[in-house]
Amino acid sequence: MSETHRILVVDDSAATLEVIRRNLESQGYHVATVGGVHEAVEHLKAADVDVVITDLRMPKVGGLDLIRHIRARYPRCGVIMITGYASVDTAVSAMREGAEDYLAKPFTDNELLASVARTIEKVRARKILDAESNSVSREPPPGIVGASVVMGDVYRSIARAAANAATVLITGESGTGKELVARAIHYQGDRASEPFVAVNCAGIPEGLVESELFGHTKGAFTGASKTRAGFFLTAHHGTIFLDEIAELAPLTQAKLLRVLEDKEVQLGGSERTRRVDVRIIAATNKDLAGLVRNSEFREDLFFRLNVLTIELPPLRDRGDDVLLLVRHFLEKFGSLCVGQAPQLTDRALAALRQYHWPGNVRELENVLQRAIVMSDDGVIDVANLPSVMQFAIPGVDDVNSTLAQIEQHHIRRVLAGVEGNKTRAAEILGIDRKTLREKLKQMDSA
Ligand SMILES: Nc1ncnc2c1ncn2[C@@H]1O[C@H](COP(=O)(O)OP(=O)(O)OP(=O)(O)O)[C@@H](O)[C@H]1O
Ligand SMILES: [Mg+2]
């Protein structure tokens, strides 16, 4: 160790404190121990601490409160949560509050040391990122359109992710641009000239996943007539993009975890392992933390993948980005048309702007592409848009309508925007489902 790291251990059990102290001191760490959160808070005021290791359940104030305190005041301090009541829920809450890692009791000496080393590494990476953060750009990377504040945050995360090699998890509804973001990270980073290999985890037939990912030797199974490198080795020195990561079967999840830990792959049918150096970007439109809670996704793999997270907002939360994207796609597809660039009528534009976009940017792209094909004079009007969107036109004659008419019109518009999903529509309208049903019944019978 080139510098001595200072570690504060917080636990109400004197025996635990002693074991941890001895273990860490034998590795050259500088260790202080306290018996509760209040003492910990006092200690932090007086001394510089690199990592706090804290018990979860302690009399009076618990460990989660301490994590919150540290996160608010000492952003550069690392936190490891120890819990004797290991449950995924507490672990997930600890990570959510900003702990770097957690340890379930009983843990071995090696587990403790590995966790401390990992945490120090994360803190170090964060210091570098903090130092850079003032200069990190909120400008869109090439090919990504949008000027909303929420997308500005995404651009900044892309720039940060591109500047280091940590694993990235990209989440967001379908069609929000997850793959686009993964590519932007790769092509802005120092691996840009190396391969970017995109793998759709849901698209590989179940029996083939492992040989596709990790490769196999000739004769490894019936039909394996040649040795195959697999996606990981193909991506060597570059980036592998694991799309729809939630779809991986449990066995494959376990193997993937091993590759992440050992940085080597074992080809099917061979004892030999090969080192791989790949940057991993994973994406999902599922709630991965929720799947972990239901034991449908490995918790340890989730924590491994979730080092940097980029959450892509749905298109309906991006405000006028819809208009910028409309212009972008009109230019893109318009350049393929003969004659004049296609035009949108104001009513069509209003409809596009009002719509709820459940399919996000991908849906917008498809709608415009189709509309351009359907319009024969280069002018796109409401009639060229899909029928679900036609109710999204704002009332043209609001000043001469009755309240009831406006209400009906609005209900229809909202319903159209969510493809008839009544639960969603009721949410947006701020009424319960039953009231919505009654109103629809009245509208039908009127
Ligand atoms: N901000 C954006 N600017 C320009 N084009 C975009 C933007 N976001 C998405 N797109 C385009 O929309 C389409 C869908 O994007 P992408 O495939 O990256 O989405 P995704 O989140 O991976 O979707 P899915 O979950 O369906 O796989 C692509 O053609 C992409 O180029
Ligand atoms: Mg995708």
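Given the structure is predicted, the values throughout are model-derived calculations rather than measurements.

## A look at the pairing of strand β3 (residues 51–55)
Of all 5 residues in β3, 5 are buried, a share of seventy percent or more. Every second residue of β3 is oriented toward a common face, with Val51, Ile53 and Asp55 on one face and Val52 and Thr54 on the other, all of them buried. Here strand β1 (residues 6–10) runs beside β3; their pairing, made up of 4 bridges, is parallel. For valine 10, the partnering residue across the bridge sits in β3 and is threonine 54. When β3 meets strand β4 (residues 78–83), the two strands line up parallel, connected through 5 bridges. Counterpart to isoleucine 53 in the pairing with β4 is isoleucine 80.

## Describing the sheet that holds strand β8 (residues 239–243)
Taken in spatial order, the 5 strands line up as β7-β8-β11-β6-β12 in an open sheet, and their pairing is parallel. Two strands lie at the open edges of the sheet, namely β7 (196–200) and β12 (308–311), each paired on one side alone. Each strand of the sheet is rotated relative to its neighbour by a mean of 20°, with strand direction disregarded. Most of the contacts of helix α6 (residues 149–162) go to β12, to which it runs at about 150°, and overall it touches β6 (168–171), β11 (279–284) and β12. Docked against the sheet, helix α7 (residues 178–188) engages β6, β7, β8, β11 and β12, running at close to 155° with respect to β7.

## Description of the packing of helix α17 (residues 403–417) against helix α18 (residues 422–429)
Remark: α17 packs on α18, axes separated minimally by 9 Å, with the N-to-C direction vectors making an angle of 130°. Accordingly, the angle class assigned to the pair α17 and α18 is oblique. Read as a crossing pair, α17 and α18 show a hand that is right-handed. Residue-level contacts link His410, Ile411, Val414 and Leu415 of α17 to Lys422, Ala425, Ile428 and Leu429 of α18. Class assignment for the residues of the contact of α17 with α18 results in 6 nonpolar, 1 polar and 1 charged.

## Looking at the nonpolar core
By size, the foremost hydrophobic cluster in this structure holds 58 residues, and its most contacted members are Leu8, Val52, Phe232, Ile240, Leu242, Ile245 and Phe297. Both domains that meet at this core, namely domain 1 (6–132) and domain 2 (149–313), each give it at least three residues. Phenylalanine 297 has contacts with Ile245, Ala246, Gln253, Leu288, Leu291, Val292, Phe302 and Leu305, leaving out every residue within four places of it along the chain. Core analysis: the second largest hydrophobic core is formed by 23 residues, Phe329, Leu344, Tyr355 and Ile372 among them.

## Here we look at the domain arrangement of the protein
The figure often quoted for interface size is the accessible area lost as the parts come together. When the domains of the protein are assigned, the result is domain 1 (6–132), domain 2 (149–313) and domain 3 (316–445). Contacts between the two partners involve 9 residues from domain 1, matched on the other side by 9 residues from domain 2. Between domain 1 and domain 2, the buried area comes to about 890 Å², and carbon and sulfur atoms account for 64% of it. Linking domain 1 to domain 2 there are 0 salt bridges.

## Overview of the site of ligand 1
With respect to spatial proximity, 16 residues lie near ligand 1, and among them Val145, Gly175, Lys178, Arg362 and Glu365 are the closest. A distance of 2.9 Å separates a nitrogen atom of ligand 1 from a polar backbone atom of valine 145. For ligand 1, whose unbound accessible area comes to 630 Å², protein coverage reaches 84%. When contributions to the shell around ligand 1 are tallied by element, the ones reaching two or more residues are α7, α13 (321–334) and α15 (360–374). Residues that form the shell around ligand 1 fall into these classes: 6 nonpolar, 6 polar and 4 charged. Structurally, the shell around ligand 1 is a two-domain feature, drawing no fewer than three residues from each of domain 2 (149–313) and domain 3 (316–445).

Rules and cut-offs
- Residues numbered from 1 in each chain as written.
- Chains lettered and ligands numbered in written order.
- Predicted model: local features only at pLDDT ≥ 70, side-chain atom pairs only at ≥ 80, totals over all residues.
- Heavy atoms only, no water.
- Buried < 20%, exposed > 50% of the residue type's maximum accessible area, 1.4 Å probe, protein only.
- Helix = DSSP H or I, 4+ residues; strand = E, 2+ residues; numbered from the N terminus.
- Pairing = 2+ DSSP bridges.
- Axes fitted to C-alpha atoms, helices over the stretch in contact; angles between N-to-C directions.
- Contact = heavy atoms within 4.5 Å.
- Parallel < 35°, antiparallel > 145°, perpendicular 65-115°, else oblique.
- Left-handed = near helix turned anticlockwise from the far one by under 90°.
- Nonpolar A, V, L, I, M, F, W, Y, C, P; charged D, E, K, R; others polar.
- Core = buried A, V, L, I, M, F, W, Y, C linked by side-chain atoms within 4.5 Å.
- Domains from an automatic or database assignment.
- Buried area = accessible area lost by both parts, 1.4 Å probe.
- Salt bridge = Lys/Arg side-chain N within 4 Å of Asp/Glu carboxyl O.
- Near = heavy atom within 4 Å.
- Polar contact = N/O pair within 3.5 Å; in protein donor to acceptor, adjacent residues only side chain to side chain.
- Areas by Shrake-Rupley, 256 points an atom, 1.4 Å probe, with all protein chains shown as cover.

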